[in-house]
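# Fold and geometry: a report
These are the residues of each chain, in order.
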Amino acid sequence: MYAFIWRKLPFGLVGKLTGSVLLVAATVALLWYVAFPWAEPLLPFDDVQVESGVPAESGDNAPVTGDTPAGEEHELPYDTDQNNPVPSSPSR
């Protein structure tokens, strides 16, 4: 197929290279501005569900939004101080 397209492009080597670049650019633009925006709602990339890891209180069926009130901190399931060495000063 590519050999067929290459043979059908006019104006010698320079014209064929220019035509090839234009065909590739047109294909990329068509995909970028038409095909991908059409397919985006059908793809699961924005379907993110993150759970807090803490069981909800009884009767509390409200989803966890990730927003914390001022001054309230979440408990992390790992230690943030372990394996975190103090940076050394640069030697001269």
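First, a word on scope: everything that follows refers to the structure included in this document. Note that the structure is a prediction, hence the values are computed from the model and not measured. (Residues numbered from 1 in each chain as written. Predicted model: local features only at pLDDT ≥ 70, side-chain atom pairs only at ≥ 80, totals over all residues. Heavy atoms only, no water.)

## Focus: helix α2 (residues 12–39)
The condition that has to hold: Every helix listed is a DSSP run of H or I at least four residues long, and every strand listed is a run of E at least two residues long, numbered separately from the N terminus. By this rule, a helix spans an expected 1.5 Å times one less than how many residues it contains. Consider a residue and the seven residues that end there alongside the seven that start there; fitting an axis to each set, the bend is the angle between those axes. Exposure categories follow from relative accessible area, calculated using a 1.4 Å probe and restricted to protein chains: below 20% of the type maximum is buried, above 50% is exposed, and the middle band is partly exposed. Residue contacts are defined here by distance: any two heavy atoms, one from each residue, within 4.5 Å place the two residues in contact.
If you check α2, its first and last C-alpha atoms are 38 Å apart, about what 28 residues at 1.5 Å a residue would give, namely 40 Å. At L31, α2 shows its maximal kink, close to 35°. Listing the buried residues of α2 in full gives G15, K16, G19 and A39. Against α1 (2–8) lie the buried residues of α2.

## A few points about the environment of W6
Summarising the element assignment, W6 is placed in helix α1. Sequence separation between W6 and S20 is 14 residues, and the spatial gap between their C-alpha atoms is 7.9 Å. Apart from residues no more than four positions distant in its own chain, W6 is found in contact with L13, K16, L17 and S20.

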